[in-house]
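As a plain string of letters, each chain reads:
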Amino acid sequence: MGEAYTGFADVYDLFMDEIPYGEWAAYVTGLLEKYDVSDGLVLELGCGTGTFTELLAQAGYDMIGVDNSVEMLEAAASKKEVSGADILYLGQDMREFELYGTVRAVVSVCDSMNYITEEQDLKQVFSLVNNYLDPGGVFIFDMKTPYYFKEIMGDCVLAENRDEASYIWENTYYEEEMMNEYDLTLFIRQKDGYFERYQETHLQRAYEPETVKRILEEVGLQVEAIYGELTGKVPAQDSQRIYFIARECMKDAMEKEAVDIST
């Protein structure tokens, strides 16, 4: 996953101010309630600067946020100081995260799972999720689609100029590998008024929904639904972001089997 979001962490929220976090939070909390998680402990993987984590905390969930970027977590901690939210932030790699116990649900948004670029690593993440879910717990996450990377983002250049910072975002999509490379150049205003230049390279992988479904099932998670963005419908051919909803289904059966054996 590399060292993505180091320099960018300082201005992430500035440039992400158009992301509909409120809509996403309403949608995800609706899904959580639909699948019987209306309160309790919820883990967010790839929590970044904590904007979405804060919204779920406001909705009444006891939140844990995991992210691999120290800089992003520092921004999240600053927000927590202002809001007073009772959120536990952990600096961990999603592929190796550890918790003290199980949680009622795991969520991940803003295509964090696309940053897991190897199938085996994605399987490891899903296996850990399955391990740390309560019996019958729910896993909800989104992913950008192959259509998005190939038709929308691939081989385009984005740029934005603001008083505090500017960026140039160059994209290259490698269709055979289903990999998108982001070369990001940032110019961030310093306290003395001068701009400092930062460069980062990010990689995201596109996954076919069938592949993700197979990996979820291989680790023992039951796929409940796959929806197009902010809908309750099957994704369309041109869906740019899709949501997966999976449920832990093995622990109750194992506990029942253990009871049957003991009796």
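Up top is the structure these notes are about.
Just so we're clear, the structure is a prediction, and the values are computed from it rather than from any experiment.

Draft legend 1. Layout of the packing of aromatic side chains. Tallied over the entire structure, the rule returns eleven aromatic pairs. Taken together, a centroid distance of 6.3 Å and an interplanar angle of 10° make the contact between Phe149 and Tyr173 stacked. Placement of Phe149 in helix α6 (residues 146-153) and of Tyr173 in strand β7 (residues 165-174) is noted, with a sequence separation of 24 residues between them. No difference in accessibility class separates Phe149 from Tyr173, as the two residues are buried.

Draft legend 2. Representation of unusual backbone geometry in the model. At Cys110, a position not held by glycine, the phi torsion is positive, near 60°. Within the secondary structure, Cys110 sits in the loop between β4 (103-108) and α5 (119-132). Of the residues examined, Cys110 reaches a relative accessible area of 18% and is grouped as buried. Notably, Asp111 is not glycine yet its phi reads approximately 50°, a positive angle. Summarising the element assignment, Asp111 is placed in the loop between β4 and α5. The exposure class assigned to Asp111 is buried, which follows from its relative accessible area of 7%.

Scoring rules and cut-offs
- Residues numbered from 1 in each chain as written.
- Predicted model: local features only at pLDDT ≥ 70, side-chain atom pairs only at ≥ 80, totals over all residues.
- Heavy atoms only, no water.
- Phe/Tyr/Trp six-rings, centres within 6.5 Å; stacked < 30°, edge-to-face > 60°.
- Helix = DSSP H or I, 4+ residues; strand = E, 2+ residues; numbered from the N terminus.
- Buried < 20%, exposed > 50% of the residue type's maximum accessible area, 1.4 Å probe, protein only.

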